[in-house]
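Chains, contacts and geometry: an overview
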Amino acid sequence: MRSNLAGPRLLLRRLREVMAEPITAQERLDKIVVLIASNVVAEVCSVYILRADGVLELYATEGLNREAVHNASLRVGQGLVGLIAAEARPLNLPNASAHPGFTYLPETGEEAYNSFLGVPILRAGRTLGVLVVQNQSHRTYLEDEVEALQTTAMVIAEMVAAGELEAIAQEATGLDLSRPITATGAGLSEGVGLGHVVLHEPRVVVTNLIAEDTDQETARLEGAINRLRLSIDDLLASGEIAAMGEHREVLEAYRMFAYDRGWIRKIEDAIKNGLTAEAAVEKVQSDTRARMLRQTDPYLRERLHDLDDLAHRLIRELMGREHGPGLGELPQDAIIVGRNMGAAELLDYGRDRIRGLVLEEGGPTSHVTIVARALGIPTVGLVDDIVSLADAGDAIIVDGDTGEIHLRPAVDLENAYAEKVRFRARRQAQYRRLRGKPSVTKDGVEFSLQMNAGLLIDLPHLEESGAAGVGLFRTELQFMVASAFPRMREQQAQYSQILDAADGKPVTFRSLDIGGDKVLPYLRSIQEENPAMGWRALRLGLDRPGLLRTQIRALLHAAAGRDLKLMFPMVAEVDEFLQARALVDREVKHLRRHDHPVPENIRLGVMVEVPSLLFQLDELMTYVDFVSVGSNDLFQFFCAVDRGNTRVAERFDTLNVAFLRALKSIADSANKHHVPVTLCGELAGRPLEAMALIGLGYRDLSMSPAALGPVKAMLRTLDTSRLSARLLPRLEPGHDDNKIRDVLKRFAAETDVAL
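Parameters and conventions
Residues numbered from 1 in each chain as written. Predicted model: local features only at pLDDT ≥ 70, side-chain atom pairs only at ≥ 80, totals over all residues. Heavy atoms only, no water. Salt bridge = Lys/Arg side-chain N within 4 Å of Asp/Glu carboxyl O. Helix = DSSP H or I, 4+ residues; strand = E, 2+ residues; numbered from the N terminus. Buried < 20%, exposed > 50% of the residue type's maximum accessible area, 1.4 Å probe, protein only. Polar contact = N/O pair within 3.5 Å; in protein donor to acceptor, adjacent residues only side chain to side chain. pLDDT = per-residue confidence, 0-100. Contact = heavy atoms within 4.5 Å. Phe/Tyr/Trp six-rings, centres within 6.5 Å; stacked < 30°, edge-to-face > 60°. Lys NZ or Arg CZ within 6 Å of the ring centre and 35° of its normal.

Some thoughts on the pattern of salt bridges
Side chains that carry opposite charge are capable of pairing whenever their charged atoms lie near each other. Here the structure, examined in full by the defined rule, presents 25 salt bridges. Measuring nitrogen to oxygen at the nearest pair gives 2.6 Å for the salt bridge that ties E217 to R220. One end of the pair, E217, and the other, R220, are both in helix α5 (residues 214–238), three residues apart, so they sit about a helical turn from each other. Take E217: its relative accessible area is 9%, and that puts it in the buried class. Residues joined in a network through salt bridges with shared partners are D653, E682, R686, E689 and R741.

Have a look at this one:
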């Protein structure tokens, strides 16, 4: 069957002429529907635009009753037009009235038309409306006619995105593109941020849609694809994966897709129909995204992310754009929105302008989350399709406490959150006034409140927060943000700077804790069924002693003439600590033999986070100089619960009786052997949980800098003897009241403890 279409290139040329005319948005839409109707030889052509209230409104028509424009409407899912909007795919019917979804709108006068072709108006896979043609004859529209409508739909989508149709929108029924959106993900870093969207690796807006010379566009595409393939090959060959924030397996997927002939052929076909190379890439990806978003298979949806990234990179190659936003263009209140990113990429933005971070992926232990938390950046992860929903410059609110994000928020909501931010600022000002005051309870018990850190940029928080020292310095963060394994001199320089910045306050370094969820992209990782309990931390260090010895030597050099406090993570039995201590002793002897200065005092300890140590405490205490309790992993292993899994993480209360008994046994053993004990997990940074730890006998706590103020405010209003008298009997076997959290809340309310 021969197509009625006059030719894709002629249609695109005429569309370009219409778009260039100095006319109103309504006049432009009216001309477009007339142009499509004449080119497809259709009796009817209509444009429906999706409003913010989920209603598809007739915005223009040729062939139907013109009185129905801005009066006729359908809900998403209602009728054939609503079905196309809901499923984001074309519908081609020779007898529309026979379709079970057919809905007749009497005000349009469409009862005479049988054949029906409708395509979604898409932008970045998001449906903004529907474009329809109809004929009285029973016919199935051909492939090039479908292509013509899809191309026209791209033009209309850009009109919507540019805000051109806002001028003709009915009052109080704004378009979908600008509607407020509230989404819930996972709160990864506490705090509230108000600002404007900055897209990480954002979509490049394609404005040149129509090709002058299709052969030239095909050649441009070929050159860009070759450059893209070369850049991915170079990254995999050179090991510069961390700098791009992509892990090797993701880049391998990129490379596979970049060489996929089916994907390239679709883009080439779109160019042959008259699109520019970049418009062809955008069209193919928008169609692919709309189709794959309907998939429920998580593997297929993950492949969608890969294709999205690849398409964005290819468009950048075609348009000569650099990857990533220019840092000089960042607003003062930037909220970074992206699919995911590496820790180094976040650091590239500059902390002073970032008010928040929103990710489609990310988790509580991902690299970027760890850095965001260290920088005090409110962060929400696992927000579905936020990159597609947000446009650069959109107003946005990030609530890291609740895991909610509000895109294009209403004024009242924005004002409410602004007040919440001001309230938090007032609270922080109160905490800052406590900075110089002693950490002493009402009944005179002294405490040491220290901070957790992992980067040199954290050290100014020592002075700002009034922390007594660094109770946990995570040395692996330096390795995670580097593009290659740091050499001994680089490590030494880092550790020296940290000790200098601490200015005499104690710093407890934790030896390299990699493996599990902390994969270094420049080191080949192994696949493990349960990496959290696998080859990681000290186990890896003892099996590959060259890595651990290099770090030990760097620490010894850096701490020459001053104190060095080093602890080892993931110790499951006492003998592992003894092996680590032997490595330290060997390195100290080596330095002395060659007349190198050594630390004045070396103290070695263990991070208690593996439950097996609970049954070796007395033996352990005879060998260590100190212990630190890593409550995060200890709780995870103790209760067999993955704290990154939202399905189970909330099932177990960290203040359950069994876990508190375990924590008390550690404190009791340490006190019996006169071994200093510190708790440096997330428990220490929440006032109610910190109060429980105080009741168990802990006197040294280490937490995030932001938590120091609230915890100090709590303990200065606390009577420890009354607390212990209330708490400890409830940990005895046979006690009826196991709701320890409720017990502590009641105690705080009765005794005016500041929580």
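Brief notes about the side chain of R510
Along the chain, R510 falls in strand β17 (residues 507–510). Residue R510 is classed as buried on the basis of its relative accessible area of 5%. Within the local environment of R510, its side chain forms a polar contact with the side chain of E476, the two groups lying 2.6 Å apart.

Some words on the confidence of the model for the protein chain
Across the protein chain, pLDDT averages 83, with 84% of residues at or above 70. Every residue in residues 238–250 is under pLDDT 50, and counting partners more than four places away or in other chains gives 28 contacts. Low confidence marks residues 296–302, where pLDDT is under 50. Its contacts with residues over four positions away, or in another chain, come to eight contacts.

Quick word on unusual backbone geometry
Positive phi, close to 70 degrees, is recorded for H70, a residue that is not glycine. Among the secondary structure elements, H70 is positioned in the loop between β2 (55–62) and β3 (73–75). Look at R408: it is not a glycine, yet its phi comes out positive at around 50 degrees. Relative to the assigned elements, R408 resides in the loop between β14 (404–407) and α14 (411–433).

Concerning the packing of aromatic side chains
Under the definition given, this model contains five aromatic pairs. When the ring of F635 is compared with that of F659, the centres are 5.1 Å apart and the planes differ by 75 degrees; the resulting orientation is edge-to-face. Of the two residues, F635 is situated in helix α22 (residues 631–639) and F659 in helix α24 (residues 657–672); the sequence distance between them amounts to 24 residues. Here F635 and F659 have matching classes, each one buried. Taken together, F473, Y495 and F509 form an aromatic cluster joined through their ring pairs. One residue, K565, lies across the ring of F626, its end atom 4.7 Å from the ring centre.

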